[in-house]
Amino acid sequence: SVAEPSPPGRVPRRPPGRASWLPKLASQAVLWRRPRLYYLRESLRGSRGLFDPACDLVLEAFPRSGNTYALRMLQFSQRKELVIRTHRHVPPVVLSALRIGKPVLLLVRPPREAVPSWQLYTGLPLEYVLRQYLLYHRILLPHRERMQVETFGDVTRDFRGVVERLERRFHFGLRTDFDEERCRADAMEHIESHRRGVDGAIDVLRVNRPDPARAAMKERLLRAARSPRMDALFVESDALYAALVAR
């Protein structure tokens, strides 16, 4: 995964200093660019998340960018069962898939939405999450033309269009005549059922769909984090996002 999270929603009163996460980011900058080295490290750690080439499609994204919703929509909209590898959230998975010619669907969400959402989920320092966002997408940008890149907005507002583009490119035999509203309702029910507590309340920090309460928290988080350094990083990340989704 991208990072080892703290308990969901637990934001430290005093966020750790940069020295606490810079070494980890430096390690990711090396390992994320070298799949073989990354998987060697993962195998030594006993990871079960090694890349499995026995799949039809690799569906990946930075965390909180629509992976879960897109996966459920593909499952509910298609009669044909696809073997989909997803939710690893690291570039080596995408690079490995491209190396052996596997179809890749990469989802991209604007940094001012994805980054604070992941910070609220994990409690990790906001600057660390933002720099991970930059690193993740910088590594994948040179491979943009070899993947099907879709935005969070594409996936959530016009999933039929996403499926049509996937079908034109990869010829899976996907159906495009599905009832999108029905599939959306089924996907949302499935997503919410996994984030509903015993009292029936939904965990707004963890649920894999937009939430008004979380949106307000994200706005407050971004305002509190304003500084020349963070502003510059967000400007850079905005430009990177625009380069990835350009058509």
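Within every chain, residues take consecutive numbers counted from 1 along the sequence as written. Local features in this predicted model are restricted to residues of pLDDT 70 or higher, and side-chain atom pairs are both shown and tallied only at a pLDDT of 80 or more, whereas totals for entire chains, interfaces and linings draw on every residue. Calculated side-chain values reflect all of the structure's heavy atoms, with hydrogen atoms and water omitted.

Participant: Run through the confidence of the model for the chain, naming residues and quoting values.
Facilitator: The quantity called pLDDT is the predictor's confidence in a given residue, expressed from 0 to 100. Across the chain, the average pLDDT comes to 90, with 93% of residues at or above 70. The model gives residues 1–13 a pLDDT under 50, and that stretch makes 35 contacts with residues more than four places away or in other chains. Note on definitions: a residue-residue contact is assigned when non-hydrogen atoms from the two residues lie within 4.5 Å.

Participant: Lay out the environment of Ala232 in plain terms, naming residues and giving numbers.
Facilitator: Here Ala232 shows up in helix H11 (residues 228–245). Classification of residues uses two cut-offs on accessible area relative to the type maximum, computed with a 1.4 Å probe and protein chains only: under 20% is buried, over 50% is exposed, and between them is partly exposed. When its relative accessible area of 46% is taken as the criterion, Ala232 is described as partly exposed. Taking the C-alpha atoms as reference points, Ala232 and Leu222, 10 residues apart in sequence, are found 13 Å from one another. Helix and strand definitions follow DSSP, with helices as H or I runs of at least four residues and strands as E runs of at least two, each counted in order from the N terminus.

Participant: Requested: an account of helix H1 (residues 22–31), with residues and values cited.
Facilitator: Among the residues of H1, those classed as buried are Leu25, Gln28 and Leu31. Taken end-on, H1 shows its buried residues confined to a sector of 130°, consistent with a single buried face. The reported arc concerns the directions from the helix axis to the C-beta atoms and nothing else.

Participant: Mind laying out the packing of H1 against helix H6 (residues 126–140), listing which residues take part and the relevant values?
Facilitator: In the contact formed by H1 and H6, the axes pass within 11 Å of each other and the chain directions differ by 10°. Between H1 and H6, the interaxial angle falls into the category roughly parallel. Listed contacts from H6 to Lys24, Leu25, Gln28 and Ala29 of H1 are Tyr128, Arg131, Gln132 and Leu135. When residues are sorted by character, Ala, Val, Leu, Ile, Met, Phe, Trp, Tyr, Cys and Pro go into the nonpolar class, Asp, Glu, Lys and Arg into the charged class, and all the rest, Gly among them, into the polar class. Class assignment of the residues belonging to the contact of H1 with H6 gives a composition of 4 nonpolar, 2 polar and 2 charged. Convention adopted: a line fitted to C-alpha atoms gives each axis, helices being fitted over their contacting stretch, and angles between N-to-C directions are expressed from 0 to 180 degrees. Angular relationships are summarised with four words: roughly parallel below 35 degrees, roughly antiparallel beyond 145, roughly perpendicular across 65 to 115, and oblique for the angles in between.

Participant: Residues and numbers for the side chain of Gln148, please.
Facilitator: Relative to the elements of secondary structure, Gln148 occurs in strand S4 (residues 148–151). Ignoring sequence-local partners within four residues, the contact set of Gln148 consists of Val104, Leu105, Leu106, Arg165, Leu166, Arg169 and Phe170.

Participant: Residues and numbers for the sheet that holds S4, please.
Facilitator: What the 4 strands build is an open sheet, ordered S2-S1-S3-S4; its pairing is parallel. The open sheet has two free edges, formed respectively by strand S2 (84–86) and S4, since each of these has just one partner strand. With direction set aside, neighbouring strand axes in the sheet form an average angle of 20°. A pair of strands counts as paired when DSSP detects no fewer than two bridges linking them. Pairing of strand S3 (residues 104–108) with S4, which is carried by 4 bridges, proceeds in the parallel orientation. Residue pairing for S4: Leu105 is matched across the bridge by Gln148. The strands touched by helix H3 (residues 67–77) are strand S1 (57–61), S2 and S3; relative to S1, the strand with the most contacts, the crossing angle is about 150°. Together, S1 and S3 form the strand contacts of H6, whose direction differs from that of S3 by roughly 140°.

Participant: Outline the packing of aromatic side chains, supporting the account with residue identities and numerical values.
Facilitator: Whether two aromatic rings pair depends on their centres lying within 6.5 Å, for rings of Phe, Tyr and Trp, where Trp uses its six-membered ring; planes under 30 degrees apart make the pair stacked, over 60 edge-to-face, and the rest tilted. A complete count under the given rule lists 7 aromatic pairs for this structure. Seen from their ring centres, Trp32 and Tyr136 are 6.4 Å apart, and the 90° between their planes marks the pair as edge-to-face. Of the two residues, Trp32 is situated in the loop between H1 and helix H2 (35–44) and Tyr136 in helix H6; the sequence distance between them amounts to 104 residues. Considered together, Trp32 and Tyr136 belong to a single accessibility category, that of buried residues. Note on Phe170 and Phe172: the rings are 5.8 Å apart at their centroids and 45° apart in plane angle, and the pair reads as tilted. This pair shows no difference in class: Phe170 is buried, exactly as Phe172 is. Put simply, the rings of Trp32, Phe62, Tyr133 and Tyr136 touch in pairs and so form one group of aromatic residues.

Participant: Quick one: what's the story with the side chain of His137, residue by residue and with numbers?
Facilitator: Following the sequence through the fold, His137 ends up in helix H6. With near-sequence residues (within four places) excluded, His137 lies in contact with Phe62, Val108, Leu240 and Leu244.

Participant: Tell me about a nonpolar patch on the surface, and please be specific about residues and values.
Facilitator: Within the patch definition used here, like charges are joined within 9 Å and nonpolar side chains (Val, Leu, Ile, Met, Phe, Trp, Tyr) within 5 Å, considering only residues with over 30% relative accessible area and no salt bridge. Reported accessibility uses the Shrake-Rupley method at a 1.4 Å probe radius. Residues are deemed covered only where the shown protein chains occlude them. Take a side-chain nitrogen of Lys or Arg and a carboxyl oxygen of Asp or Glu: if they are within 4 Å of each other, that pair is a salt bridge. A grouping of Val30, Leu37, Leu40 and Leu44 is seen on the molecular surface, where their side chains present a nonpolar patch of about 380 Å² in accessible area. The biggest single contributor to the nonpolar patch is H2, with 3 residues.

Participant: Summarise the pattern of salt bridges; cite the residues concerned and give the values.
Facilitator: For the structure on display, the rule yields 22 salt bridges. In this structure, a network of salt bridges that share partners links the residues Arg18, Glu127, Arg131 and Arg229.

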